[in-house]
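Residues per chain are reported as follows:
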Amino acid sequence: MDRRTLLASAASGLALSLAGGRVAMAQAKDKVKVGFVYVGPIGDGGWSFQHNEGRLAVEKEFGDRVETIYQESVPEGSDAERVLTQMALAGCDIIFTTSFGYMDATNNVAAKFPNVKFEHCTGFKREHPNVATYNARFYEGRAVCGTIAGLMTKSNKIGYIGSYPIPEVIQGINSSFIHARKVNPDVSISVVWAYTWFDPAKEADAAKALIEQGVDVILAHTDSTAPLAEAAKTPGVVGFGQASDMANYKPSPRVSSIIDNWAPYYVKRVGMVLDGTWESTDAWEGIGGGEVLIGEITEAVPAEVKAKAMEVHDAIGAGTYHPFTGPLNKQDGSVWLAEGETAADADLLGMNFYVEGISGEIPK
Amino acid sequence: MLRLEKRPNPSRFWNYATPVLAVVLTMVAGGLMFALLGKNPVEAIRTIFWDPLFGEFAWYFRGQLLVKAGPLILIAVGLSLGFRAGIWNIGAEGQYMMGAIFGAAAGLALYPADNRLIFPLMVVAGALGGWIWAMIPAILRTRFRTNEILVSLLLVYVAQSILASMALGALRNPEGGGFPGSRNLSQWASSANPELIAGTGMHWGVVAAFASVIAAYILLQRHILGFQIRLAGQAPRAARFAGVSPNRLVLLCMGISGALAGLAGLFEVTGPAGQISIDFAQGYGFTAIIVAFLGRLNPVGILLAGLLMALTYVGGDNASTNLGLPAASIQAFQGMLLFFLLAVDLLSNYRIRPSRKEAA
């Protein structure tokens, strides 16, 4: 598409949306341009790095048939709307917006460009037929890490560095704790809120505070390697890679990792734009779909612990086991899930409570 | 060795020419950096400085320049008054956040009422929020001689924590599925601050920014307070003899800059940003300090500097996406602008002399 027709299509797009938002007919394309918006720098690991790995996988898969562009460190707010518009004007056929805070901006810009597809990561608003949402079931990976944590702890204290008290993070805390408790009835969990997704200094402080409380297994829902670096200073303390594999800390303190793997989804969705079969969906895949990977469990973990963890992993992957299966009570002792009952997705997406056995309160 | 010697009479010409020279030097050094990154420097500089103004999609980007420049100008004009008088409010970022929080809270308390008075009420609350936050360092300085630079700066981090707790707690959207962030104020007619003319980027915050430039110009040129501010900065002792109360000046300058920063926050949260969120503040309050100095603490200069700064942001994003430049290189480019400005400033006020060996 050259720039002139592009301008015309942008203008007619505006006109169309004013006329009532008709949807363009799906048709196959020879070549597509794909845009990615990242909330942080790509760096050498973490959330945005993993999305960029997905972008590179798209380039590798389709070669000359795709062109990808991206922008790092886009603030959530008015700047996001401008960057999205800029990408749509630059001729992108599909744009992936990879942070929760882009939700309204994504929908606003989608209204103006009905011929461009928008995919918003971790959100729930699909106000227009050209907006899809996607996320990964990270809590499935947490179940595996929680199992390892429960068996590896000697002090029976595990620690969790939370970013923000939002449902996705609370799912992870609950899932980790449930599975640690399942293999070790004496285990307790301490949660520290860092109020950041990425801040090595704060994450290190949080890890230090946990270690001082006697915690010897640290799970984190923040992106830097700082908690692992902190764990490395104290013998006997172990942790997990988060978002990326963080293989530099192998074999200990990094005993395993939970890896965000967006490549299969990105390849699939870009392929659908090429074929003309793309439509608005809400995707939420986990271990089974390959979006959540468990990084190599190192030799620092005894073989029977590894076997137990892989058993959980394989059952979740095969779909025979749901990490939130009753009987499960809420923190206040009220019944959440009855025997054999599994959590509904809607419950998980709005999760704002701890399960029974976790002490402390979720900040309000 | 070399030493610096103050020039007895800095050139008037260079006072105005240095910002332009700094921009030119930034382009040269930035171009060199882009070339080292393997990009065509001419294309990069053109994408940053030319395309948003005159390129194909300038019809869109020109408006975005105003959106980006509006809060910068509004905050910088307020800061410049204090800076002229030697009163250093470094915490505009915190006042900006508090303005947004106060304004949003005032509006959301009345949700979902449909009343045209809600937006003006929010504007007043926003200015008040910024003013209160600036009064803390101001009163601490006038009563206890604390340093307003430190206090105002540290209050930014307090404001950041309050912002996060508001986004997660009191102001959280009850229909937001447990996610942080308030209701979208730009989607509720009573609180929305939309574009006044579609496609121009002009919203009430931009109007307020232009109005503040005019008001500050008149204040400094025609009003006794403007005279006192200039006098206090240039000759503090003379100002005291002339009956200027330093405490009154601190309260006034901090108050005005805080209120304007609060207004900027309010217009941003009701318009372009739309909601109170954890990451609502994006450094406008800090960047405005650069804008104030780049504009020579002069209202008209600040207007131009704000637009230039906005251009480096909008154009920088453009270059980053379309040419694949790393975001860090764009930030380095913006940093060069300040660096060169300070460097050429130094040379226009001082000259370099070889230092003689002093006899003991």
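Residues numbered from 1 in each chain as written. Chains lettered and ligands numbered in written order. Predicted model: local features only at pLDDT ≥ 70, side-chain atom pairs only at ≥ 80, totals over all residues.

Peer 1: Help me out: how do you make sense of the overall build of chain A in this one?
Peer 2: Across its full length, chain A holds 11 helices and 14 strands. By the compact-globule yardstick of 21 Å for 364 residues, chain A fits well, its C-alpha radius of gyration being 22 Å. Its C-alpha atoms give chain A principal-axis dimensions of roughly 65 × 40 × 35 Å. Scored against the burial criterion, the 364 residues of chain A give a buried share of 52%. Of all intrachain contacts in chain A linking residues separated by at least 6 positions in sequence, the fraction that spans at least 24 positions is 66%. (Helix = DSSP H or I, 4+ residues; strand = E, 2+ residues; numbered from the N terminus. Rg over C-alpha atoms; globule rule 2.2 N^0.38 Å. Buried ≥ 20, exposed ≤ 12 C-beta atoms within 10 Å, placed from the backbone. Contact = placed C-beta atoms within 7 Å.)

Peer 1: Can you help me understand the interface of chain A and chain B in this one?
Peer 2: Where interface size is quoted, it is often the accessible area lost as the parts come together. With 33 residues of chain A at the contact, the number on the chain B side is 29 residues. Where the side of chain A that touches chain B is concerned, the elements lending two or more residues are helix 1 (3–18), strand 2 (66–71) and helix 3 (78–89) of chain A. Top contributing element to the side of chain A that touches chain B by residue count: helix 3 of chain A, with eight residues. Broken down by class, the residue content of the side of chain A that touches chain B amounts to 17 nonpolar, nine polar and seven charged. (Nonpolar A, V, L, I, M, F, W, Y, C, P; charged D, E, K, R; others polar.)

Peer 1: Explanation requested: the environment of Ser165(B) in the structure shown.
Peer 2: Residues and elements named next belong to chain B. As for its placement among the helices and strands, Ser165 is situated in helix 7 (residues 148–168). Ser165 sits in the partly exposed class, given 18 other C-beta atoms within 10 Å. Taking the C-alpha atoms as reference points, Ser165 and Pro180, separated by 15 residues in sequence, lie 9.2 Å from one another.

Peer 1: What is the right way to look at the confidence of the model for chain A in this model?
Peer 2: The predicted coordinates ought not to be read in detail in places where the model reports low pLDDT. Residue and element names in this part refer to chain A. Of all residues in chain A, 93% attain a pLDDT of 70 or more, and the chain-wide mean is 89. The secondary-structure element of chain A with the lowest mean pLDDT is helix 1, recorded at 45, while strand 3 (residues 94–97) shows the highest, at 97. Confidence over residues 1–24 falls short of pLDDT 50; this stretch has 25 contacts with residues more than four positions distant or in other chains. (pLDDT = per-residue confidence, 0-100.)

Peer 1: Is there a simple way to think about the confidence of the model for chain B in this case?
Peer 2: Summary statistics for chain B give a mean pLDDT of 91 and a share of 98% for residues scoring 70 or more. Interface scoring of the predicted complex returns ipTM 0.86; its pTM is 0.86.

Peer 1: What exactly am I supposed to notice about the UniProt feature "transmembrane region" (unreviewed entry) in chain B here?
Peer 2: Residues and elements named next belong to chain B. Feature annotation in UniProt places "transmembrane region" (unreviewed entry) on residues 12–37, 57–83, 95–111, 117–140, 149–171, 201–220, 249–267 and 328–347, given in this structure's numbering. Taken end to end, residues 12–37 is 96% helix and 0% strand, and its two terminal C-alpha atoms sit 38 Å from one another. Taken end to end, residues 201–220 comprises 85% helix and 0% strand; its first and last C-alpha atoms sit 29 Å apart. (UniProt positions renumbered as here; feature names shortened; annotations may be inferred.)

Peer 1: Looking at this structure, I do not really get helix 6 (residues 167–183) of chain A. What am I missing?
Peer 2: Helical geometry: 3.6 residues make up each α-helical turn, so side chains three or four residues apart lie on a common side. With 17 residues, helix 6 of chain A should reach 24 Å at 1.5 Å per residue; the first-to-last C-alpha distance of 25 Å fits that figure. For helix 6 of chain A, a buried count of 14 out of 17 residues is recorded, marking the element as mostly surrounded by other parts of the structure. (Expected span 1.5 Å × (residues − 1).)

Peer 1: Even after reading the chapter, I still don't get the sheet that holds strand 9 (residues 238–243) of chain A, so can you show me in this structure?
Peer 2: Residue and element names in this part refer to chain A. Pairing in this open sheet of six strands is mixed, and the strands run 7-6-8-9-10-12 from one edge to the other. Looking at which strands have only one partner, the edges of the open sheet turn out to be strand 7 (188–193) and strand 12 (292–295). Direction aside, neighbouring strands of the sheet carry axes that sit 20° apart on average. Two strands pair when backbone bridges link them, and strand 10 (residues 254–260) and strand 12 are joined in this way by four bridges, in the antiparallel orientation. For Asp260, the partnering residue across the bridge sits in strand 12 and is Val292. Running at roughly 170° to strand 6 (residues 157–162), helix 6 makes contact with strand 6, strand 7 and strand 8 (217–220) of the sheet. (Pairing = 2+ DSSP bridges. Axes fitted to C-alpha atoms, helices over the stretch in contact; angles between N-to-C directions.)

Peer 1: Would you explain the pairing of strand 10 of chain A in this entry?
Peer 2: Regular strands have side chains that alternate between both faces of the sheet. All names here are of chain A. With six of seven residues buried, strand 10 lies mostly within the body of the structure. Direction of pairing for strand 9 relative to strand 10: parallel, over a ladder of five bridges. Looking across to strand 10, one finds that Gln242 is bridged to Ile258.

Peer 1: Hey, could you run me through helix 10 (residues 303–318) of chain A in this one?
Peer 2: Residue and element names in this part refer to chain A. For helix 10, with 16 residues, the first-to-last C-alpha span of 22 Å sits near the 22 Å given by 1.5 Å per residue. Taken as a whole, helix 10 has its buried residues at Lys308, Ala309, Val312, His313 and Ile316. End-on, the buried residues of helix 10 take up no more than an arc of 135°, which puts them together on one face. Among the exposed residues of helix 10, those pointing more than 90 degrees away from its buried face are Ala303, Glu304, Ala307 and Ala318. (Arc of directions from axis to C-beta.)

Peer 1: Help me understand the sheet that holds strand 5 (residues 131–136) of chain A in this model?
Peer 2: Sheet strands pair by backbone hydrogen bonding; their relative direction is either parallel or antiparallel. Residues and elements named next belong to chain A. Spatially, six strands are ordered 2-1-3-4-5-11 in an open sheet, and the strand pairing comes out parallel. The two strands at the open ends of the sheet, each matched to only one other strand, are strand 2 and strand 11 (282–285). Each strand of the sheet is rotated relative to its neighbour by a mean of 20°, with strand direction disregarded. Bridge analysis of strand 1 (residues 32–37) against strand 3 gives four bridges, and the strand direction is parallel. Across the sheet, Val37 pairs through a bridge with Thr97, a residue of strand 3. In this fold helix 2 (residues 47–62) packs onto strand 1 and strand 2, with an angle of close to 165° to the strand it touches most, strand 2.

Peer 1: Explain the pairing of strand 6 of chain A to me, please; I cannot follow it from the model alone.
Peer 2: All names here are of chain A. Extensive coverage of strand 6 is indicated by the burial of five of its six residues. The pairing of strand 6 with strand 7 spans six bridges and is classified as parallel. Residue pairing in the sheet places Gly162 in a bridge with Trp193 of strand 7. Since strand 6 and strand 7 lie parallel, the crossover through helix 6 that links them has a hand, and here it is right-handed. Sheet topology places strand 6 next to strand 8; four bridges connect them, and they run parallel. Bridging from a neighbouring strand, Tyr160 pairs with Leu219 of strand 8. (Right-handed = clockwise from strand over helix to strand, strands pointing away.)

Peer 1: How should the domain arrangement of chain A be read in this particular structure?
Peer 2: All names here are of chain A. Partitioning chain A into domains gives domain 1 (3–11 + 25–136) and domain 2 (138–260 + 291–349). Measuring from the centre of the C-alpha atoms in domain 1 to the corresponding centre in domain 2 gives 31 Å. Across the contact, nine residues belong to domain 1 and 14 residues belong to domain 2. When the residues that make up the side of domain 1 that touches domain 2 are grouped by side-chain class, the tally is four nonpolar, five polar and no charged. (Domains from an automatic or database assignment.)

Peer 1: In this structure, what is going on with the environment of Leu151(A)? I would like to understand it.
Peer 2: Residues and elements named next belong to chain A. You can see Leu151 is positioned in helix 5 (residues 138–152). Judged by the 20 C-beta atoms lying within 10 Å of it, Leu151 is buried. Sequence separation between Leu151 and Ser359 is 208 residues, and the spatial gap between their C-alpha atoms is 20 Å.

Peer 1: Sorry, what's going on with the packing of helix 5 of chain A against helix 10 of chain A here?
Peer 2: The axes of two packed helices give the description: the angle between them and the distance between them. Residues and elements named next belong to chain A. Running from N to C, helix 5 and helix 10 cross one another at 160°; their axes reach a closest spacing of 9 Å. Comparing the axis directions of helix 5 and helix 10 gives the class roughly antiparallel. The hand of the helix 5/helix 10 crossing is right-handed. From helix 5, Glu140, Ala143, Val144, Thr147, Ile148, Leu151 and Met152 reach across to helix 10, where they touch Val305, Lys308, Ala309, Val312, His313 and Ile316. A per-class count over the contact of helix 5 with helix 10 returns nine nonpolar, two polar and two charged. (Parallel < 35°, antiparallel > 145°, perpendicular 65-115°, else oblique. Left-handed = near helix turned anticlockwise from the far one by under 90°.)

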